[in-house]
Amino acid sequence: MIQPVANGLRTDHPVPGLPFINDERLLLDNPDAIERTGRNQGEGLWGRTDRLRGGGWVAFTTETKNRDYAWAVHQHPEHGRTVLLIHDKDMSGLHHEWMYGNNGFLYRHGGYWWDGTRWYRPQQVVDRAYEGYDARPVADAVTVTAIDVLARPATSHTARVVKIADFTASEEPLPHWREHLALWASHRPPGSRPLDRCTIDLQAPELDPARLVDRAGLAQIAELKLEDLPHPKHGRKDLPPPQAETVEGPRWSRPVARDWAEQYRRTHGPEKLLSATTAFGTEQPRGLVEDHNRLTKIIADSLEDAEESKNRLFTRGSTTRREEQAAHLAWWPAVAINDGTDGFIPLDAVRTTIVEAVLGGLARDVEDLDDSTGVFLGDIRRGVVHLIDWYILREPRLAPALFGEICLDARVRFGLDPKDVGALLRRSLHLDSGLDHQTLNALLDLALPPSAQSPDGL
């Protein structure tokens with residue numbers, strides 16, 4: 001997560017705990033001028049501005065008087081202005097989030113985001129049918145405005161507006177921040193956004209500090225051993241964004257932990273579900289193991305025939321010895337068959353063929369119909385289902401990408417609801433797949449995008 005280090009004094013939506021910086025040098029009504037402040041003005045300086053698809057704009061510039069930092073401005077057509085000071089290295093990351101993240105424009109508590117209407121949890125669960133993340137709204141969220149914070153009792157603390165030239169970011173939030181907010185409010189010129197429409201924070205039962213969980217709680221929710229979790233010191237990017245930092249380590253809300261666990265299962269579950277044990281005692285994709293076992297039997301039978309015909313190329317041995325020889329001889333051919341990089345069978349081409357075959361059937365279903373919402377989707381052909389079986393048994397970790405691509409292309413090309421396509425995949429696989437129904441249900445729960453899942457699992 002990109003962490004801002006200060007608020008601009010003319011922001012409409014201050015981030016709690018951060019100081020206020022005098023931003024009078026920024027021409028906040030002229031995004032091109034903000035861009036020109038840093039763009040091509042010297043080595044290590046940069047600036048950028050872009051129009052937002054729904055109206056408004058974003059603008060960024062390196063702060064020329066303190067080049068470790070950059071200004072980031074988001075102008076919303078309805079909800080006003082956000083002015084943040086960030087680390088200069090975070091400029092491109094925040095630009096991407098504001099432009100393409102589909103996660104609002106205000107971020108609090110480790111990635112909880114606001115789109116101007118409601119609050120959502122950090123984006124974690126991938127929905128490939130929409131090439132993004134599944135938006136998860138926060139239950140019982142209450143938006144805290146500036147007027148709410150200023151209604152709290154004042155203290156005797158003296159606040160001040162900081163100058164950028166001598167600013168250094170602090171690791172800790174400012175104490176007595178309510179007084180800093182009061183100073184910000186006193187600088188608001190006539191005609192500014194009303195204080196009761198200036199969003200500061202959110203409150204929700206799930207964000208109660210007493211309800212947050214530590215690494216042990218996260219492991220329990222994810223049904224993992226504690227030692228199997230990434231360690232915050234070395235694998236922070238592989239953990240969910242924390243809602244709080246304590247001396248003992250990060251803390252997460254339970255819904256964020258559950259979302260992370262869901263995505264972890266979606267990422268690792270298909271491979272685990274469709275694995276089998278090789279003759280050497282290792283876990284590998286079931287399709288690879290089946291190919292190896294078949295090749296082992298073929299080679300073992302060949303060795304036996306050779307012995308019976310007294311072929312001197314092979315030494316006579318016990319049945320067990322012959323099977324061991326066959327297993328070793330069969331292993332690398334089996335791997336070569338299943339190697340998607342330069343193996344005998346081009347797995348990427350197989351995946352493309354599966355997708356196009358399914359879409360071809362869908363094209364026939366929607367042909368000459370104006371309203372795709374009323375289309376009956378016929379079953380996927382048996383041969384295509386068998387090819388899906390073959391592919392996911394050899395590349396189980398790519399099952400979510402395969403089903404996601406089918407749902408995405410069906411939505412984009414034909415306007416089909418991912419739920420309808422997901423139901424078609426479930427029905428067709430249950431009819432003709434060689435996998436048992438329990439395994440199929442578990443796999444589809446893991447691999448279908450969230451938007452393609454039916455509430456009743458049918």
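Fair warning: this is a prediction, and the values are worked out from it, not measured in the lab. (Residues numbered from 1 in each chain as written. Predicted model: local features only at pLDDT ≥ 70, side-chain atom pairs only at ≥ 80, totals over all residues. Heavy atoms only, no water.)

### Looking at the environment of threonine 199
Inference 1: Along the polypeptide, threonine 199 turns up in strand S13 (residues 199–203).
Inference 2: Here threonine 199 falls in the buried class, since its relative accessible area comes to 3%.
Inference 3: Placed 92 residues apart in sequence, threonine 199 and aspartate 291 show a C-alpha to C-alpha distance of 59 Å.
Inference 4: With sequence-adjacent residues up to four places away left out, threonine 199 is seen in contact with Asp12, His13, Pro14, Leu106, Arg108, Trp114, Trp119, Thr143 and Val144. (Helix = DSSP H or I, 4+ residues; strand = E, 2+ residues; numbered from the N terminus. Buried < 20%, exposed > 50% of the residue type's maximum accessible area, 1.4 Å probe, protein only. Contact = heavy atoms within 4.5 Å.)

### Thoughts on the packing of aromatic side chains
Inference 1: In this structure the tally under the stated criterion is nine aromatic pairs.
Inference 2: With centroids separated by 4.4 Å and ring planes inclined at 20°, the aromatic side chains of tryptophan 113 and tyrosine 120 adopt a geometry described as stacked.
Inference 3: We classify tryptophan 113 as buried; its relative accessible area is 5%.
Inference 4: By relative accessible area, tyrosine 120 is classed as buried at 12%.
Inference 5: Among the aromatic residues, those joined into a ring-pair cluster are Phe20, Trp177 and Trp184. (Phe/Tyr/Trp six-rings, centres within 6.5 Å; stacked < 30°, edge-to-face > 60°.)

### Describing unusual backbone geometry
Inference 1: A positive phi angle, near 50°, is found at histidine 109, a position not held by glycine.
Inference 2: In this structure, histidine 109 sits in the loop between strand S7 (106–108) and strand S8 (112–114).
Inference 3: Note on histidine 109: relative accessible area 27%, which makes it partly exposed.
Inference 4: Non-glycine residue glutamate 131 carries a positive phi angle of around 50°.
Inference 5: Assignment of secondary structure puts glutamate 131 in the loop between strand S10 (126–127) and strand S11 (132–133).
Inference 6: A residue is classified by how much of its surface remains accessible, and glutamate 131, at 65% relative accessible area, is exposed.

### Topic: the environment of threonine 277
Inference 1: With respect to the helices and strands, threonine 277 occurs in strand S16 (residues 275–277).
Inference 2: The exposure class of threonine 277 is partly exposed, given its relative accessible area of 46%.
Inference 3: In contact with threonine 277, other than residues within four places in its own chain, are Thr282, Glu283 and Val289.
Inference 4: At a separation of 2.6 Å, a polar atom in the side chain of threonine 277 contacts the side chain of glutamate 283. (Polar contact = N/O pair within 3.5 Å; in protein donor to acceptor, adjacent residues only side chain to side chain.)

### What to know about the pattern of salt bridges
Inference 1: Throughout the structure, instances matching the rule amount to 22 salt bridges.
Inference 2: Here lysine 89 ties to aspartate 90 by a salt bridge, and the two come within 3.6 Å at their closest N and O atoms.
Inference 3: Classification of aspartate 90 by relative accessible area gives buried; the value is 14%.
Inference 4: Between arginine 266 and glutamate 262 there is a salt bridge; the shortest N-O distance is 3.2 Å. Pair noted here: arginine 266 and glutamate 262 are both in helix H6 (residues 254–273), with a separation of four residues, about one helical turn. There is no split in this pair, since arginine 266 and glutamate 262 are both buried.
Inference 5: Taken together, the shared-partner salt bridges in this structure form one network comprising Arg121, Asp134, Arg136, Asp259, Glu262 and Arg266. (Salt bridge = Lys/Arg side-chain N within 4 Å of Asp/Glu carboxyl O.)

### Details of the sheet that holds S8
Inference 1: With antiparallel pairing, three strands are arranged side by side in an open sheet as S7-S8-S9. Because the sheet does not close on itself, it has two edges, and the strands there are S7 and strand S9 (119–120).
Inference 2: Across two bridges, S8 lies against S9 in antiparallel orientation. Its bridge partner lying in S9, tryptophan 114 is registered against tryptophan 119. (Pairing = 2+ DSSP bridges.)

### Some words on the sheet that holds strand S2 (residues 20–21)
Inference 1: Taken in spatial order, the six strands line up as S2-S1-S6-S5-S4-S3 in an open sheet, and their pairing is mixed. The open sheet has two edge strands, S2 and strand S3 (47–51), and neither has a second partner.
Inference 2: Pairing between strand S5 (residues 69–76) and strand S6 (residues 80–87): eight bridges, direction antiparallel. Bridging from a neighbouring strand, alanine 70 pairs with isoleucine 86 of S6.

### Notes on the side chain of threonine 11
Inference 1: Mapped onto the elements, threonine 11 comes out in the loop between strand S1 (6–8) and S2.
Inference 2: Look past the residues within four positions of threonine 11 in its chain and what remains in contact with it is Asp23, Arg81, Thr82, Val83, Trp184 and Arg188.

### Looking at the layout of surface pockets
Inference 1: Of the volumes computed, that of the second largest pocket is approximately 310 Å³.
Inference 2: If you go around the second largest pocket, you meet 17 residues; those closest to its centre are Leu52, Gly54, His74, Trp98 and Gly104.
Inference 3: Mapped onto the lining of the second largest pocket, the elements with two or more residues apiece are S5 and helix H2 (91–100). (1 Å grid on protein atoms, 1.4 Å probe; cavity = no way out; pocket = protein on both sides within 12 Å on 5 of 7 lines; lining within 4 Å. Points joined across faces, edges and corners; volume = space filled by probe spheres on them.)

### Here's the deal with the packing of helix H9 (residues 347–366) against helix H10 (residues 382–394)
Each packed pair of helices is defined by two parameters, the angle between the axes and the distance between the axes.
Inference 1: Relative orientation of the contacting elements H9 and H10 amounts to 145°, with a least axis distance of 10 Å. Between H9 and H10 lies a crossing of left-handed hand. Here H9 contributes Leu347, Val350, Arg351, Thr353, Ile354, Ala357 and Val358 to the contact with H10, which in turn contributes Val384, Leu387, Ile388, Trp390 and Tyr391.
Inference 2: For the contact of H9 with H10, the class distribution of residues is 10 nonpolar, one polar and one charged. (Axes fitted to C-alpha atoms, helices over the stretch in contact; angles between N-to-C directions. Left-handed = near helix turned anticlockwise from the far one by under 90°. Nonpolar A, V, L, I, M, F, W, Y, C, P; charged D, E, K, R; others polar.)

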